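As a plain string of letters, each chain reads:
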Amino acid sequence: MNKKCVGCGNYLSTDPNDLGYCLDISKFELCKRCFQFKHYKKIDQKLTVKKADIENYLNSLVLDNYCVFYLVDPTNFIFDLEMIKRSMNANQFYLIFNKIDYLAKKNNLSVIKSRLVDNFKDHGINFSPNQILFNSIYLTYDLRKIDRLMKKAYEKRKKAIFLGQSNVGKSSLINKLLKLNNIDKKLALTTSPYLNTTLQINQIKRRDFCLLDTPGYLDQTNGFFDLVPRRIKRLVSYQW
């Protein structure tokens, strides 16, 4: 039975070793991992991607061959500082503040950008305002600029790689880019409110761009694993 989990998109399986393990495929729509997170807010740490996993992956890359788009949540980016510093060794680096809808709409984005530059400078990270981009769930903001940068990088044989913590919206942003380029919906990446939906690297290559979607990592130093279930529910982007 080729039935996918409605949460993470993995094929449901009765094999406990599979990512889509499900007790009863005919009865449930979710794999065990997504079911536990949705109903009990329990995180299966055996199936989560840790910061060390992403660091090891970055160490295996020659970052000079990549254009890095690092996505952060405007309410939680303080926990990304170490990884941001590590990723800035790339040939090109851009910081995307995703889910910018969290901020008051009346705020002037240029003012926000200026404050962000100053804030990062206080933490020893120097950004040019041109390296800071904004994305939204509902509005386009810098979507077309991200698309142009991605294609310009590919002209120089650089792949675009999207990094960031779990549930920050990497796959959703990539799907918006695919839609902008009229790419077949069948190639859309699976997205969901569940943490670590993406557990492996996905590459999409076309004539004028090549991008990599990476698993989001869960960093135990950011306190997420210490949160009670109701707090976890408030942190994910989708409310059940």
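Residues numbered from 1 in each chain as written. Predicted model: local features only at pLDDT ≥ 70, side-chain atom pairs only at ≥ 80, totals over all residues. Heavy atoms only, no water.

Trainee: What am I meant to see in the sheet that holds strand 1 (residues 66–72) here?
Mentor: Paired through their backbone hydrogen bonds, the strands of a sheet run either parallel or antiparallel. Sheet architecture is open: six strands sit in the order 3-2-1-4-6-5, paired in mixed fashion. Of all the strands in the sheet, just strand 3 (132–134) and strand 5 (202–206) have a single pairing partner and so form its edges. Taken over all neighbouring pairs, the strand axes of this sheet differ in orientation by 25 degrees on average, direction set aside. Across five bridges, the pairing between strand 5 and strand 6 (residues 209–213) is antiparallel. Bridged to K205 within strand 6 is C210. Helix-sheet contacts for helix 4 (residues 109–122) involve strand 2 (92–97) and strand 3, and the interaxial angle to strand 3 is about 140 degrees. (Pairing = 2+ DSSP bridges. Helix = DSSP H or I, 4+ residues; strand = E, 2+ residues; numbered from the N terminus. Axes fitted to C-alpha atoms, helices over the stretch in contact; angles between N-to-C directions. Contact = heavy atoms within 4.5 Å.)

Trainee: It is not clear to me how the pairing of strand 2 should be interpreted in this structure. Could you clarify?
Mentor: Two faces, one strand: in a regular strand the side chains alternate between the faces of the sheet. Counting buried residues along strand 2, six of its six residues qualify, which places the element largely inside the surrounding structure. Burial along strand 2 is two-sided: Q92, Y94 and I96 and F93, L95 and F97, pointing in opposite directions, are all buried. The pairing of strand 1 with strand 2 spans six bridges and is parallel. The residue bridging V72 from the neighbouring strand is F97, located in strand 2. Crossover connection from strand 1 via helix 3 (residues 81–87) to parallel strand 2: handedness right-handed. Sheet topology places strand 2 next to strand 3; three bridges connect them, and they run parallel. Counted as the bridge partner of F97 is F134 from strand 3. (Buried < 20%, exposed > 50% of the residue type's maximum accessible area, 1.4 Å probe, protein only. Right-handed = clockwise from strand over helix to strand, strands pointing away.)

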